[in-house]
Each structure stands twice: as structure tokens, then as C-alpha cells.
Protein chains: 2
Amino acid sequence: MTDTSPYAAHGGDGVLFAADCPSRPILDQIADKWSMMALSVLQQPTRFNEIKRRLSGVTQRVLTQTLRRLERNGMITRRVIPTSPIGVEYALTPLGESLVEPFGELYDWTIAHADIVREAQGDYDARSAG
Amino acid sequence: MTDTSPYAAHGGDGVLFAADCPSRPILDQIADKWSMMALSVLQQPTRFNEIKRRLSGVTQRVLTQTLRRLERNGMITRRVIPTSPIGVEYALTPLGESLVEPFGELYDWTIAHADIVREAQGDYDARSAG
DNA sequence: CGGAATCCTGCCTGATACTG
DNA sequence: CAGTATCAGGCAGGATTCCG
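Residues numbered from 1 in each chain as written. Chains lettered and ligands numbered in written order. Predicted model: local features only at pLDDT ≥ 70, side-chain atom pairs only at ≥ 80, totals over all residues. Heavy atoms only, no water.

Description of the protein's contact with DNA strand D
Next up, step 1: For DNA strand D, the set of nearby residues contains 17 residues, the closest of which are Thr59 of chain A together with Asn49, Arg68, Arg78 and Tyr90 of chain B.
Next up, step 2: Interatomic distance of 3.2 Å between a side-chain N/O atom of Gln60 of chain A and a base oxygen of DNA strand D.
Next up, step 3: With respect to DNA strand D, the side chain of Arg47 of chain B contributes an N or O atom lying 3.1 Å from a sugar or linking oxygen.
Next up, step 4: Of all elements in the fold, only helix H4 (60-72) of chain A together with helix H3 (48-54), helix H4 (60-72) and strand S3 (87-92) of chain B reach the threshold of two or more residues within the surface near DNA strand D.
Next up, step 5: At 4 residues, H4 of chain A tops the list of elements feeding residues into the surface near DNA strand D. (Near = heavy atom within 4 Å. Polar contact = N/O pair within 3.5 Å; in protein donor to acceptor, adjacent residues only side chain to side chain. Helix = DSSP H or I, 4+ residues; strand = E, 2+ residues; numbered from the N terminus.)

Structure below.
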């Protein structure tokens, strides 16, 4: 990669996340757990309530906001199915598909390190209590 | 791919993010922008106020909470430097270092797609207004 | 079914002051 | 310096209800 901007590469230098770094406004939009989980679920087109069931714990209000935001950012599409009762199916755009990869690696990381993290939590809590 | 657990791999099937998926409690802890930015900044050991300056926009309250949470999850260490005035330096643990990779890919994604996302936002807003 | 509207609570923000 | 404490005000999120 031929660095054309101070933000071209991650790691190494100290300009990471400066106030004007172009990563900031985007991270504000997508770097939250519900966005990540929704994107992952949408690897196959899915309807609203099905997404809601998968993301157990999310409220319909927050899920709606999340899907709207993802749609506005060009990551998913919203298609109304004129049945009765009505259906709405969400699906990834090519842009959204390209995001699944980084998110997937993060997902895989959590699976791989779940035990270690739980252990660390136990240690910390024991130290705090003692 | 030899799936040993229903959660062994990302993508493909439909069990993603079931209520008992071990990814959930961890994502709750780390899948937020401040955690991600803090971890990235801490690729080199950094003191509190320096981190705060890098993560422009964060309040000291939220940053403290974020660092505590990362420390509890075994991702960073907190070292008090007995100078006067006192100093506190945060640094990555090996666990935290292993997280930098996935986060870095996400960071690189935002840099690479910043323009496309901005364009999508403009389109969406224009459609909404029209 | 999908979502908008409503109300209500509570945490976050932002500012400021205080401690070791 | 690195927090904790406090308080005002605002906005996010939960629960519920209603509509196409």
C-alpha cells in the first residue's frame, strides 16, 4: 500500500483516531454490537422478526434504528413484501458483504478466546473482592 | 471445516448469536467504538491523558469505564508510576494484542470505504428529503 | 408482521470541584 | 496526573400501545 494519507494504514504511528481521521464518523455508525450482529445475521436475507429473534435481547425500537442506520450507510437493503400481513426482508449490499469479513474475524476471535476472557474476569473480580 | 461446536465458525448456518452463543457476553464487553479505539491506541503503552487526547470526544468518565472494563477482561494492564505527580500507564496484554488484529482490519475497512459510505448517506438523505 | 408513537426512567454528558 | 464526586439537563433506551 502506497501511503497517500496519514491514515492509510492501521498501526505503527501515532495519528490513529485523530479528530479528523476519516475512520471516526464511520466507526460511530457501525462499531456497536447490534450493528455487527445484524450484519452477520444478514449474510442471508432475513425478515424483521427473524432478525429480532436471532439478536436476543434487542428491542424492536433499537433494532429498527440499527437497521435504518445500516440502510442509510448503504450496507443493507430493505424490501417490502406485499403479502398480508406485510413482510419486510433485509439483505446485504455488496458494501455490507465486504464488512462481513472484518466482523467475522472479530466473531471468530470471541469464540476462540471466550474461556480466557471469562477466566480473566474471575481473576479480576476475586482480586477486587479480596 | 470440522465443526466441533455449533459456534465454531462464522457464517454459513443459522445459529449465529443464539441466546447462549459464547460470543454474546464478550461482544457486550468489547464491541463498542471506544474499546476498539482504546485498544488500537494502546499498541504502544500510553498514559491516561494521552489516550484521552487521542480519542477526541470521549469524556474522562467513559474512558475510565472503558479502560476498567478492558482491564477486567484481561486485555490491558494498568501500571501506576510512583512519580509526582503520579502517572498511570496502560498497555496491552498478549490477549489484548491478539484483539488488535481483528480491530485493525475493521479500521482499515473504514479507511478504504469512507467515500462510498459518505456517498450512500448522501443518496439516502436526498431520497428521504425528496 | 413491521413499525410508529407515546411515556417514562435512567444513564450519559459536561462542567466543576476535590483528593492522593 | 489520574482519577472520584457531584449536579444539571438531555437524550437514549425499555415497555407498552396502536396502526396499515
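Further notes follow.
Quick look at the protein's contact with DNA strand C
Next up, step 1: In the vicinity of DNA strand C lie 17 residues, with Phe48, Asn49, Arg68 and Arg78 of chain A together with Val62 of chain B positioned nearest.
Next up, step 2: Arg47 of chain A is positioned with one of its side-chain polar atoms (N or O) 3.4 Å from a phosphate oxygen of DNA strand C.
Next up, step 3: Contact between DNA strand C and Arg78 of chain A: a phosphate oxygen at 2.7 Å from a side-chain N or O atom of the residue.
Next up, step 4: In terms of residue count, the dominant contributor to the surface near DNA strand C is H4 of chain A (4 residues).
Next up, step 5: Looking at side-chain class alone, the surface near DNA strand C contains 7 nonpolar, 5 polar and 5 charged residues. (Nonpolar A, V, L, I, M, F, W, Y, C, P; charged D, E, K, R; others polar.)

A word on the pattern of salt bridges
Next up, step 1: Within the structure shown, the criterion is met by 14 salt bridges over all chains.
Next up, step 2: When the shortest N-O distance is used, the salt bridge between Asp125 of chain A and Arg72 of chain B registers 2.5 Å. Residue Asp125 of chain A is located in helix H5 (residues 94-129), and its partner Arg72 of chain B is located in helix H4; the two belong to separate chains.
Next up, step 3: Residue classification places Asp125 of chain A among the partly exposed residues on the basis of a relative accessible area of 37%. (Salt bridge = Lys/Arg side-chain N within 4 Å of Asp/Glu carboxyl O. Buried < 20%, exposed > 50% of the residue type's maximum accessible area, 1.4 Å probe, protein only.)

Examining the sheet that holds strand S1 (residues 46-47) of chain B
Residue and element names in this part refer to chain B.
Next up, step 1: Taking strand neighbours across the sheet as the criterion, the 3 strands line up as S1-S3-S2 in an open arrangement whose pairing is antiparallel. The outermost strands of the open sheet, each flanked by one partner alone, are S1 and strand S2 (76-81).
Next up, step 2: Here S2 pairs with S3 via 6 bridges, running antiparallel. Bridging across to S3, Ile76 finds its partner in Leu92. (Pairing = 2+ DSSP bridges.)

Comments concerning the interface of chain B and chain A
Next up, step 1: With 61 residues of chain B in contact, the opposing surface of chain A contributes 62 residues.
Next up, step 2: Taking both sides of the interface into account, the surface hidden between chain B and chain A amounts to around 5,400 Å²; carbon and sulfur atoms contribute 65%.
Next up, step 3: On inspection of chain B and its partner chain A, the count reaches 4 salt bridges.
Next up, step 4: The interface formed by chain B and chain A contains 14 residue pairs in polar contact (both at pLDDT 80 or more).
Next up, step 5: Those elements giving two or more residues to the side of chain B that touches chain A turn out to be helix H1 (23-30), helix H2 (33-41), H4 and helix H5 (94-129) of chain B.
Next up, step 6: With 22 residues, H5 of chain B is the largest single contributor of residues to the side of chain B that touches chain A.
Next up, step 7: Tallied by class, the residues present in the side of chain B that touches chain A amount to 32 nonpolar, 17 polar and 12 charged. (Contact = heavy atoms within 4.5 Å. Buried area = accessible area lost by both parts, 1.4 Å probe.)

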